[in-house]
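Summary of structural features
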Protein chains: 2
Amino acid sequence: MARTHGSHSDITGPRVREAALALFARHGYAAVSMRRIATEVGLQAGALYNYTPDKQSLLFDLMKQHMDTLLQALEAQPQPSQPVRALETFTRFHIRFHAERPEAVFISYMELRNLEAANFEVIEGLRRRYEDHLADILRRGVTSGVFGVSEPRIAAMALIAMLTGVNTWFRPEGRLSLPEVEEVYWPMVRKAVAA
Amino acid sequence: MARTHGSHSDITGPRVREAALALFARHGYAAVSMRRIATEVGLQAGALYNYTPDKQSLLFDLMKQHMDTLLQALEAQPQPSQPVRALETFTRFHIRFHAERPEAVFISYMELRNLEAANFEVIEGLRRRYEDHLADILRRGVTSGVFGVSEPRIAAMALIAMLTGVNTWFRPEGRLSLPEVEEVYWPMVRKAVAA
DNA sequence: CTTTGATCTGAACATACGTTCAGTTAAATC
DNA sequence: GATTTAACTGAACGTATGTTCAGATCAAAG
């Protein structure tokens, strides 16, 4: 097998994606050049094409990976049968998962319009699956009488928007810890959909 | 005074801003060139510099104008002394105002990172004033015992994030009218901060 | 009917873009 | 120690960028 000038394919590949993630999040996809990503990793621009067919794929792969990780982590959560407990699990999970990877979250919400049509469809489909999970919890709660929402699907999007908003102000070194943030948001979520 | 080739400064100026608004919203600030804006208006790129000193000012002016209009419209609203009524007024106002100008809202949330530092400060200050208005309503309600929120400032940001989320799915030709949307969100807002 | 001056064109400026590729480098294999 | 080949360089490709500006245009003013 072949070797490198101080780093491996196994090492450089992830480093390229990490640099792209950080730069796309900070400056936006369109504002970041391949040369800038390469400089961050210590390469010439041409070398990036050993790791991605093109710039668009770099963006899509980051977003796809984020959504896959999200759905996988969601399914790994306990799924209480009581709707209120299921909602609490979802709320705390969403806050934690998103607060832990602000760059990927930022990109996934901001760069949708820079995806080519086919790539956009894929990401939208994954996002919808995530929303459906919450909408189903709400519907079960409505059926059993513990929740009172007239439009479960819209309520799901409203709650997700509220919870993702944490990322606009939360800083790990800030006044509130993540568990404390959960204690601020969970009562609001619970009451918002209460019967 | 001077005249034009079929259009005026008074007419071309607004058209430039309208074109920039639409294009920035659709493709993003960094992805839209001055030539593209010019083409949309029927000009050569150089002529745009009769209406803006540079591209950055074009973005900043759009965002500043949006925030000014927002704060002015907010202050023109009735300000009920009862916190619950004040919250309802705010909620319905926010939904309506934002749903009516999706492009300006989109830009104001997505292009913050493309503002130069000094311009960013200005927009952030205006946004904070808007958030403070809602936080004050919540604080008054906590004092009078009708609201039960542990962190009024965070609760304000949470509610605003939830309400602005309407823009991600609402379409005027969709199933729900704007008044119907208000009837879905207002109960959630009211209950979320209830004592 | 000449003058005026705001408005706009068209070309140019230096710089940057995404992508390709022939050729160099050097670690691993035999 | 010769061979192999993945990893990378450096230059080039055509095209695009934001901005400037001398000069053309033409409605209104005198």
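Let me sum up the structure you'll find in this document. As the structure is a prediction and not an experimental result, all values here were calculated from the model. (Residues numbered from 1 in each chain as written. Chains lettered and ligands numbered in written order. Predicted model: local features only at pLDDT ≥ 70, side-chain atom pairs only at ≥ 80, totals over all residues. Heavy atoms only, no water.)

Let us look at helix 9 (residues 178-192) of chain A. The end-to-end C-alpha separation of helix 9 of chain A is 21 Å, in line with the 21 Å expected for 15 residues at 1.5 Å each. Along helix 9 of chain A, the residues that are buried comprise Leu178, Val181, Glu182, Val184, Tyr185, Trp186, Met188, Val189, Lys191 and Ala192 of chain A. Where helix 9 of chain A is buried, its residues meet helix 4 (83-100), helix 7 (152-164) and helix 8 (166-169) of chain A together with helix 7 (152-164) and helix 9 (178-192) of chain B. (Helix = DSSP H or I, 4+ residues; strand = E, 2+ residues; numbered from the N terminus. Expected span 1.5 Å × (residues − 1). Buried < 20%, exposed > 50% of the residue type's maximum accessible area, 1.4 Å probe, protein only. Contact = heavy atoms within 4.5 Å.)

All names here are of chain B. Summarising the element assignment, Arg17 is placed in helix 1 (residues 9-27). It is 27 Å that separates the C-alpha atoms of Arg17 and Ala161, two residues lying 144 residues apart in sequence. Sequence-distant contacts of Arg17, defined by excluding residues within four places in its chain, comprise Leu58 and Leu62.

For the rest of this paragraph, the subject is the packing of aromatic side chains. Each aromatic ring pair is described using two quantities: the centre-to-centre distance and the angle formed by the ring planes. Overall, the coordinates contain ten aromatic pairs over all chains when judged by the stated rule. Arranged with centres 6.5 Å apart and planes meeting at 15°, the rings of Trp169 of chain A and Tyr185 of chain A form a pair that is stacked. Highlighted residues: Trp169 of chain A in helix 8 and Tyr185 of chain A in helix 9, separated in sequence by 16 residues. The pair Trp169 of chain A / Tyr185 of chain A is uniform in exposure class, with both members buried. With 5.3 Å between their ring centres and 40° between their planes, Phe90 of chain B and Tyr130 of chain B make a pair best called tilted. Of this pair, Phe90 of chain B sits in helix 4 (residues 83-100) while Tyr130 of chain B is found in helix 6 (residues 117-144), placing the two residues 40 residues apart along the sequence. There is no split in this pair, since Phe90 of chain B and Tyr130 of chain B are both buried. Positioned above the aromatic ring of Tyr29 of chain B, the side-chain terminus of Lys55 of chain B is 4.4 Å from the ring centre. Looking at Arg101 of chain B, its charged tip hangs above the ring of Phe97 of chain B, at a distance of 3.7 Å from the centre. (Phe/Tyr/Trp six-rings, centres within 6.5 Å; stacked < 30°, edge-to-face > 60°. Lys NZ or Arg CZ within 6 Å of the ring centre and 35° of its normal.)

Turning to the interface of chain B and chain A, a few remarks are in order. Listed per partner, the contact involves 33 residues of chain B and 33 residues of chain A. Both faces combined, the contact of chain B with chain A buries some 2600 Å², and carbon together with sulfur accounts for 63% of it. If you sort the residues of chain B by the area they bury against chain A, Arg113, Ile154 and Lys191 of chain B come out on top, with a joint share of 25%. Here Glu111 of chain B makes a salt bridge to Arg113 of chain A, at a shortest N to O gap of 2.9 Å. Summed over the shared surface of chain B and chain A, the result is 13 residue pairs in polar contact (both at pLDDT 80 or more). Elements supplying a minimum of two residues to the side of chain B that touches chain A: helix 1, helix 5 (102-110), helix 7 and helix 9 of chain B. In terms of residue count, helix 7 of chain B provides more of the side of chain B that touches chain A than any other element does, six residues in total. (Buried area = accessible area lost by both parts, 1.4 Å probe. Salt bridge = Lys/Arg side-chain N within 4 Å of Asp/Glu carboxyl O. Polar contact = N/O pair within 3.5 Å; in protein donor to acceptor, adjacent residues only side chain to side chain.)

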